[in-house]
Amino acid sequence: MSETTLTSAADAASPARPRLAGRGALIGGIVLLALFAVLPPAATAMGDPFLVVTATRIVIFAIAALSLDLVLGYGAMVSFGHAAFLGFGAYAVVILAAAGIDDLLLQSLAAIAGSALFALVTGAISLRTKGVYFIMITLAFGQMAYFFFVSLSAFGGDDGRTLQHRSTLFGAPLIENDVTFYYIALAVLAAAFVLLRTVVASRFGRVLRGTRDNRVRMQAIGFAPFGYQLTAYVIAGALCGLAGVLLANQTEFVSPAFMTWQRSGELIVMVVLGGMGTLTGAIAGAVGFLVLEEVLSGLTEHWHIVFGAIIVLLVLYTRGGIAGLFSRLFGGRA
Amino acid sequence: MSALLSIRDLRKSYGALKVTDGISLDVPAGELHAIIGPNGAGKTTFIHQLSGSLKSDSGAVHFDGADITRLSMVARVKRGLARSFQITSILDGFSVLENVATAVQARSGSSFRFLTPAASETALNAEAMEALARVNLADRAHRQAGTLSHGEKRQLEIAIALATGAKMLLLDEPLAGTGHEEGAILIDLMRQLKSTHTIMLIEHDMEAVFALADRVSVLVYGKLIATGDPAAVRADPAVRAAYLGEDA
Amino acid sequence: MTNLLLLQALNGLQFGILLFLVAAGLTLIFGIMDLINLAHGVLYMVGAYLTATFTSLTGDFFIGLALALPAALLFGIVLERLIFSQLYDRDHLEQVLATFGLILILNEGVKMIWGAAPLSVPIPDILSGSVPLIGPMRFPVFRIVIIAAGLVTALGLWFLVARTRIGMLLRAGATNAPMVSALGVDVKRLFMLVFGLGAMLAGFAGAMVAPILSVEPGMGNNILILTFVVIVIGGVGSIRGAFVAAILVGVVDTVGRTFGPIILRSLMDPSAASQTGRTLAPMLIYILMAAVLFARPSGLFPKAGAS
Ligand SMILES: Nc1ncnc2c1ncn2[C@@H]1O[C@H](COP(=O)(O)OP(=O)(O)O)[C@@H](O)[C@H]1O
Ligand SMILES: [Mg+2]
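Remember, predicted model here, so these are calculated numbers, not experimental data.

Along chain B, the regular secondary structure elements total nine helices and 10 strands. For 248 residues, the compact-globule estimate of 2.2 N^0.38 gives 18 Å, and chain B sits close to it at 18 Å. C-alpha extents for chain B along the principal axes are approximately 60 × 40 × 35 Å. When contacts within chain B are restricted to residue pairs at least 6 apart in sequence, those whose partners lie at least 24 apart make up 67%. In the form shown here, chain B has an accessible surface area of approximately 10300 Å², with 53% of it arising from carbon and sulfur atoms. When the 25 basic and 28 acidic side-chain charges of chain B are each reduced to a single mean position, those positions are 6 Å apart.

All right, on to unusual backbone geometry then. Residues and elements named next belong to chain B. Here Asp9, not a glycine, exhibits a phi torsion of approximately 50°, which is positive. Within the fold, Asp9 resides in strand β1 (residues 5–14). When its relative accessible area of 36% is taken as the criterion, Asp9 is described as partly exposed. With a phi angle near 55°, Asp64 is a residue other than glycine that sits in the positive phi range. Overall, the relative accessible area of 41% leaves Asp64 in the partly exposed class.

Residue and element names in this part refer to chain B. Every residue lining ligand 1 is accounted for by Tyr14, Leu17, Val19, Pro38, Asn39, Gly40, Ala41, Gly42, Lys43, Thr44 and Thr45. Between ligand 1 and Gly42, the relevant distance is 3.0 Å, taken from an oxygen atom to a main-chain nitrogen or oxygen of the residue. Backbone polar atom of Lys43 to an oxygen atom of ligand 1: 2.8 Å apart, as the coordinates give it. Calculation on ligand 1 without its partners gives an accessible area of 570 Å², and the protein chains cover 59% of this total. When contributions to the shell around ligand 1 are tallied by element, the ones reaching two or more residues are β2 (17–27) and α1 (43–51). Looking at side-chain class alone, the shell around ligand 1 contains five nonpolar, five polar and one charged residues.

What follows is about the sheet that holds strand β10 (residues 223–228) of chain B. Strands in a sheet are paired, the pairing made by backbone hydrogen bonds, and the direction either parallel or antiparallel. Residues and elements named next belong to chain B. In spatial order, the strands read β6-β7-β8-β3-β9-β10; together these six strands make up an open sheet with mixed pairing. A single partner strand is all that each edge strand has here, and the edge strands are β6 (81–83) and β10. Sheet twist, expressed as the mean angle between neighbouring strand axes with direction ignored, is 15°. Bridge count between strand β7 (residues 168–172) and strand β8 (residues 198–202): five bridges; the pairing is parallel. Residue pairing in the sheet places Met168 in a bridge with Thr198 of β8.

A few words now on the interface of chain A and chain C. Contact with chain A, which involves 45 residues of that partner, is made by 49 residues of chain C. Across the interface of chain A and chain C, roughly 4300 Å² is buried in total on both sides, 75% from carbon and sulfur atoms. Counting the surface chain A buries against chain C, the share from its top three residues, A:Tyr133, A:Met136 and A:Trp261, is 16%. Remark: the boundary between chain A and chain C carries zero salt bridges. At the boundary of chain A and chain C, one finds seven residue pairs in polar contact (both at pLDDT 80 or more). For the side of chain A that touches chain C, the secondary-structure elements that each account for two or more residues are α6 (131–150), α11 (261–274) and α13 (303–317) of chain A. Ranked by residue count, the leading element in the side of chain A that touches chain C is α6(A), at 13 residues. Here the residues of the side of chain A that touches chain C are counted per class, giving 29 nonpolar, 10 polar and six charged.

The subject of this paragraph is helix α5 (residues 141–163) of chain C. In this model α5(C) runs 32 Å from its N-terminal to its C-terminal C-alpha over 23 residues, within 8% of the 33 Å that 1.5 Å per residue would give. For α5(C), the complete set of buried residues consists of C:Val141, C:Phe142, C:Ile146, C:Ile147, C:Ala149, C:Gly150, C:Thr153, C:Ala154, C:Leu157 and C:Val161.

Looking now at the arrangement of the chains. Taking contact number as the criterion, the leading pair out of two pairs of chains in contact is chains A and C. Of all C-alpha pairs spanning chain B and chain C, none lies closer than 10 Å, and the two are not in contact.

Attention now moves to the confidence of the model for chain B. Averaged over all residues, the pLDDT of chain B equals 92, while 97% of them reach at least 70. Here helix α9 (residues 237–247) of chain B stands out as the least confident element of chain B, with mean pLDDT 69; helix α3 (residues 96–105) of chain B is the most confident, with 97.

About the cut-offs
Here, residues in each chain are numbered from 1, in the same order as that chain's written sequence. Note on labels: chains are lettered from A, ligands numbered from 1, in written order. Under the rules for a predicted model, residues below a pLDDT of 70 receive no local features and side-chain atom pairs below 80 are neither given nor counted, while totals for whole chains, interfaces and linings still include all residues. Computation of side-chain values covers all heavy atoms of the structure but excludes hydrogens and water. For helices the rule is a DSSP run of H or I covering at least 4 residues; for strands it is a run of E covering at least 2, with both sets numbered from the N terminus onward. Restricting the calculation to C-alpha atoms gives the radius of gyration, and the globule rule supplies 2.2 Å times the number of residues raised to the power 0.38. We call two residues in contact when some of their heavy atoms are within 4.5 Å. Accessible surface area values rest on a Shrake-Rupley calculation with a 1.4 Å probe, where residue burial reflects the displayed protein chains alone. Counting rule applied: Lys, Arg positive; Asp, Glu negative; His and chain ends not counted. Where a charge lies is defined by one atom per residue type: Lys uses NZ, Arg uses CZ, Asp uses CG and Glu uses CD. Accessible area is worked out with a 1.4 Å probe on protein chains only. A residue is then buried under 20% of its type maximum, exposed over 50%, and partly exposed in between. Summary of the distance rule: residues count as near a molecule or strand when at least one heavy atom falls within 4 Å of that molecule or strand. The term polar contact refers here to a pair of N or O atoms within 3.5 Å; inside protein, the definition further demands a hydrogen-donor-capable atom paired with an acceptor-capable atom, and it admits residues adjacent in sequence only when both atoms are side-chain atoms. Polarity classes work like this: nonpolar for Ala, Val, Leu, Ile, Met, Phe, Trp, Tyr, Cys and Pro, charged for Asp, Glu, Lys and Arg, and polar for all others, with Gly in that last group. In this scheme, strands are said to pair when DSSP sees at least two bridges between them. Angular values range over 0 to 180 degrees, each being the angle between N-to-C directions of two axes fitted as lines to C-alpha atoms, with helices fitted over their stretch in contact. Buried area is understood as the total, over both parts, of accessible area removed when two parts are fitted together, assessed with a 1.4 Å probe. Here, a salt bridge means any side-chain nitrogen of Lys or Arg that lies within 4 Å of a carboxyl oxygen of Asp or Glu. Every helix has an expected span of 1.5 Å times one less than the residues it contains. As a per-residue measure, pLDDT tells how confident the predictor is, with possible values from 0 to 100.

What follows is the structure, encoded as structure tokens:
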């Protein structure tokens, strides 16, 4: 009952899965973005300019996690192939660069179009199925995309390919500077956050949320879920493709390893542990995941084992992720 | 005379169990038609078939002059045939108002709108408030639906069905699980709805049925064994033997 | 050409048999416990490692295998008690997460115990020969043994499922789990048994490939995805479906990789054909899966009552 203190009536959590939603989530999201915004000067002050590079990576994964949250947290579709879109975006950069097109905007456009098309086709087939079938078929489509890029020997096959230089913006090498690039990525994250918050509150988002909570009820008032879920899948795919463009520029390297199923699994971990269906949680989850990865890998070579154990324990002993843990600790939920 | 809802030889089996065993029935516009029958008679299954959430094995259903036998649930709702659920089915996490506004939204323009907040669409909210007022839930509009009392949730079910703009309501045991007072409110509500909607009412509560219904059908083991006005059905010896006798 | 086709068909059959061994347990776990277990692939890996260890300790592959199987069974049961039994009543997403975490733990654990370098297990001497096919081509005895062992296992499984009381419960459980518990059966024990059996079958597959593939961390990852494809095509919960789909996937994948480019070469110029062939061949089974699901969203052998 006390969870009403955390949730507004308009965007309330289902009782099974406590979420930080509504105003609390908005404030949380703004605080996170503000912290990101002051990070570069803070990093310089601390004499650790490399922090900006790490933070860029976090920001980019936050965009990817946000996009997955639309599918997973709002669309109730457990997609296990989301990393494929990161790959589409990244390969859009190298493929266009090889064709002499270095412009970031054109590359982004191609990435969005390619990802959206792949999402449209595979989503339409996947959404014919339900439950574990959906999980497995999205996983398999992700693998299909992975093997497609592995087979592209012109772009390095398995080994991938190094970028000659980062993409240009307005004909100039603007994003060669790490700090500028960081702020561009952050701007994309902020825009994605605002856009998705708008979308989930819209008519469309309401249908999506309603379908997530009670599919049969929505059908009984006249909504056929397929079109709405597919649209969400396409929007999310396109946004994640954009994240892939940024990721390629951040690492200045592209390979099929961007789109392994393990990567898809990591994205799910970010979204769920941060708190699904809140958007802010996806950003927080990406931060938590990558910071933890950074810290653990500094401590031990075998950090995967610790990381895996943390995931297992969190799932077994907390429900609803970190956000659920928080609302139970501080919201007094039994 | 042509009925609003016309059912011909409708059938559904689960394996050897004939749950709906050749039902034919006409419900004229404006009628409140009650279906009674013992537990497991197949009443809910019948409603599932009429609403389109369950495919029939054979038979035909016509609604408002059109053959809807092969239409999906969504398509039937759009034609004006709405239902409520025996087991409460609402959007627990939404506000009461948003539950109803969502049903209004389903028939007012495209829902592929992405940029304006749905919660501030005054036209949707106004119509939703009307439906809530009709079921006496207006003062609960801003509560989270999951926190309503059981009786209020039953009222909300009906408000949602109303808000779809339906001509005809299929109500599956709207009194299920309600106490005496809550039941009285709902019975009163259905009496008012009679004047504006054609209703098929599945109900266990005999008192309610005989007070409300224009006609009553008795369903036993998937077959309609009697149809007629309440007094005649009550007097029918086959009905008394098969149903009322063991229930009284 | 027909020779090559025969050879590749046999290789495909052998690959399909392996997939079946891994898929059989997994599809039962899906079907009966409604549990999506990503960690099933690591059980295959653990089977291979156990066989490698016991073989090098005893110097004999057969003794190694005989020790590895009960060890894999035990390992499966321990995992079931510790982790999986707590996941049955969770939603699919939580199962995905927990078993994903488990993969990280087990892959890394294997690395810690056995090191990151691949191990190799020699093919036992009596099985190291090959038999002639038509013409100059030969087929390794060991692969024939894999096929035979897989077919015997499939037959045994069929017997277990179709002819025994446990099988009756399994079949009932796959269609209606609550009913089985309503019958007063000790569902906890049944689940544990299914899990142990699944682990042992996957471990058996891992053991049988140990002599022909390199045993290395992460070797379960790729087979897991292929197993999913098999289960999806066959229909979740169906052993028969898993068998048919596993053979189908094994043969299509293996034959497609060889003959795809050859067929394409008759349609386009050689360099384009080889690139297209290399691109399409690994995608073939996924395309097959998409096509099957497009026509039959619940697979080839959907369980009764599934819509
Ligand atoms: N999906 C199903 N599979 C098998 N039997 C079913 C199914 N649904 C309902 N039944 C059976 O059909 C009969 C009628 O059920 P139902 O329509 O719910 O009855 P009522 O609403 O009149 O109580 C019952 O005997 C029930 O067990
Ligand atoms: Mg009923």
